[in-house]
Amino acid sequence: MAKKATEKSPIRAAITGVHGYVPPDVLTNADLARMVDTSDEWIVARTGIKERHILKGRGLGSSHMAAEAVRGLLHKTGAAPREVDLLICATATPDLVFPATATLVGDMTDIRGVGCFDVQAACSGFIHALAVAAQFIETGKYRKIVVVGADKTSSLIDYTDRATCVLFGDGAGAVLLEPSRTHGIIDTLIRADGAGMPYLHLKAGGSRLPSTAETVAKGLHYVHQDGAKVFKFAVARMTEVTRELMRRNRLTGDMVDWLVPHQANLRIIEATAKRIKLPAERAMVTIHKYGNTTTATIPLCLWDYEKKLKAGDRLILVAFGGGFAWGGAYLTWAYDGR
Ligand code: COA
């Protein structure tokens, strides 16, 4: 349990609510096996994924799912849209190149006249956004911040490429951050190494190679990934970050109640948990039903496990993704599951 709070305890950013959204359409392994040369056995054995949700409907982007998650979060926590001081959206699949998806979500959820911006750090975007948001709470500048991770990654996937199409799903998850002297984010760590770009990126559609008929014909708007290379780096960096957060905060494996890992591959999650000597059942897992939802994996885990969480539980959040960019956060949970 955390130490007793006093007036001298530092102000921390506590997660005081979480809500998630996944679209209703489900794409199962059996569906994929009818589309490409794959099988349920291969996908489950190599990734742990059984199904994923896909956002369908003309004109619906990541903002649609983010807004659903944020609306649910505000309803659940009783926070009024006008009370929100800042809205940060982590996404790698913004609705538009500009304006920011956060501004669209603000409009859809009635959060107006305050800062709304996006954070782009691929799959580790939610951790980066959380690290940024925590600063505004710790300094006393803001009292209610919404951080939402939302991705329609299906919009970037080539559904004839069996190596990538089985991995990703769509979804969104949002948290409310408020000041607390008892619980909250104790430490964060964010890192990047741009030398990782060749192994996981999208070749066209940005300013370097704008969209043309030729880029579309060549399939340059789809996720390009060297899966084996990414796998190796993901395990190494996620382990490194978790170990560093544990060392800096004098935590041993038995003191960590929950590891909340980015959900890219069950084997990455299990390897990370094993290396920090954490029993597998204390690592949150949702990959079987959602796949890799990019920035939404971590808040969707918190949403799924919310009922099991207790005030004072020690959580380590950790993610790795394109860039390469990665990071982690150590926090104590602020409320008993509901
Ligand atoms: N079904 C059946 N076979 C498949 C397949 C599929 N869906 N996808 C790939 N294969 C095949 C490959 O073609 C290859 O065949 P070959 O040996 O005849 O060439 C074989 O399986 C092994 O491929 P490999 O890429 O070595 O498999 P893997 O065990 O590394 O698993 C990933 C592939 C993508 C699941 C794994 O590398 C991974 O999860 N990487 C990290 C992904 C990630 O974290 N991405 C996001 C970061 S946020």
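On a predicted model such as this, the values are computed, not experimentally measured, just so you know. (Residues numbered from 1 in each chain as written. Predicted model: local features only at pLDDT ≥ 70, side-chain atom pairs only at ≥ 80, totals over all residues. Heavy atoms only, no water.)

**Side note on the domain arrangement of the protein**
Note the threshold: An automatic or database domain assignment supplies the start and end points of every domain. Should any heavy atoms of two residues lie within 4.5 Å, those residues are counted as being in contact. Here the quantity called buried area is the accessible surface, traced with a 1.4 Å probe, that two parts lose on coming together, added over both. Only one rule defines a salt bridge in this text: a Lys or Arg side-chain nitrogen within 4 Å of an Asp or Glu carboxyl oxygen. Polar contacts here mean pairs of N or O atoms no more than 3.5 Å apart (in protein, one a potential hydrogen donor and the other a potential acceptor; neighbouring residues in sequence count only if both atoms are side-chain atoms).
Along its sequence, the protein is organised into domain 1 (12-183) and domain 2 (186-332). Of note, the centres of domain 1 and domain 2, computed from C-alpha atoms alone, are 14 Å apart. Contacts between the two partners involve 49 residues from domain 1, matched on the other side by 45 residues from domain 2. Three residues stand out in domain 1 for area buried against domain 2, namely Cys123, Ile127 and His183, and they jointly supply 18% of the buried area on that side. Between domain 1 and domain 2 we count 1 salt bridge in total. With a shortest N-O distance of 2.8 Å, Glu306 and Lys76 are connected by a salt bridge. Counting across the interface, domain 1 meets domain 2 through 15 residue pairs in polar contact (both at pLDDT 80 or more).

**Quick notes on the environment of Phe231**
Convention followed: Helix and strand labels come from DSSP, where a helix needs a run of H or I of at least four residues and a strand needs a run of E of at least two; each type is numbered from the N terminus.
Within the element layout of this structure, Phe231 appears in helix 8 (residues 227-248). For Phe231 and Val166, which are 65 residues apart along the polypeptide, the C-alpha to C-alpha distance reads 15 Å. The residues touching Phe231, leaving out its near neighbours within four places in the chain, are Asn265, Arg267 and Ile268.

**Description of unusual backbone geometry**
With an omega of 0°, the peptide bond running from Phe98 to Pro99 counts as cis. Tracing the backbone through its elements, the reader meets Pro99 in the loop between strand 4 (86-90) and helix 4 (101-109). Here the amide bond leading from Gly323 into Phe324 is cis, since omega sits at -5°, within 30 degrees of zero. Inspection of the secondary structure assignment puts Phe324 in the loop between strand 12 (314-321) and strand 13 (325-332).

**Re the site of the ligand**
Put simply, the rule is: Only a single heavy atom is needed: when it lies within 4 Å of a molecule or strand, its residue is near that molecule or strand. Methods summary: accessible areas were calculated by the Shrake-Rupley approach with a probe of 1.4 Å, and residue burial reflects only the protein chains presented. Under this grouping Gly is polar, as are all residues other than the nonpolar Ala, Val, Leu, Ile, Met, Phe, Trp, Tyr, Cys and Pro and the charged Asp, Glu, Lys and Arg.
Residues in contact with the ligand amount to 24 residues; listed here are only the nearest, Thr38, Arg46, Gln225, Gly227 and Asn265. Between the ligand and Trp42, the relevant distance is 3.4 Å, taken from a nitrogen atom to a side-chain nitrogen or oxygen of the residue. For the ligand, a nitrogen atom lies 2.7 Å from a polar atom in the side chain of Gln225. Coverage of the ligand by the protein amounts to 71% of the 950 Å² it exposes when considered alone. The element that contributes the greatest number of residues to the shell around the ligand is helix 8, accounting for 4 residues. Split by residue class, the shell around the ligand holds 12 nonpolar, 8 polar and 4 charged. Residues lining the shell around the ligand come from more than one domain, with at least three contributed by each of domain 1 (12-183) and domain 2 (186-332).

**A short note on helix 4**
Spelled out, the test is: Note on classification: 1.4 Å probe, protein chains only; a residue is buried when its accessible area is under 20% of the maximum for its type, exposed when over 50%, partly exposed between these limits. Taking the helix axis as origin, the arc is that swept by the directions to the C-beta atoms.
Within helix 4 the residues assigned to the buried category are Thr101, Ala102, Val105, Gly106 and Thr109. Across the axial projection of helix 4, the buried residues extend over an arc of 140°, all falling on one side. Once helix 4 ends, the next one or two residues include Asp110, with phi positive near 70°.

**Comments concerning the pattern of salt bridges**
The full count for this structure, using the stated rule, is 13 salt bridges. Salt-bridge contacts for Glu214 lead to Lys218; the nearest nitrogen and oxygen are separated by 2.9 Å. For the pair Glu214 and Lys218, a shared accessibility class is recorded, and that class is exposed. Each of Asp187, Arg191, Glu244 and Arg248 takes part in a single network of salt bridges with overlapping partners.

**Quick look at the sheet that holds strand 5 (residues 115-119)**
As a reminder of what qualifies: Here, any two strands with at least 2 DSSP bridges between them count as paired. Axis geometry follows a simple rule: fit a line to the C-alpha atoms, using only the stretch in contact for helices, then measure angles between N-to-C directions, giving values from 0 to 180 degrees.
With respect to topology, 5 strands assemble into an open sheet ordered 1-7-6-4-5, the strand pairing being mixed. Of all the strands in the sheet, just strand 1 (12-21) and strand 5 have a single pairing partner and so form its edges. On average, each strand axis in the sheet is tilted by 20° relative to the strand beside it, whichever way the strands run. As judged from the 8 bridges shared by strand 6 (residues 145-152) and strand 7 (residues 170-180), these two strands associate in the antiparallel manner. When the bridges of strand 7 are listed, Gly149 appears paired with Gly173. Across the face of the sheet, helix 3 (residues 62-77) comes into contact with strand 1, strand 6 and strand 7 while running at roughly 120° to strand 1. Against the sheet, helix 11 (residues 297-305) contacts strand 1 and strand 7, and its axis sits at roughly 85° relative to strand 1.

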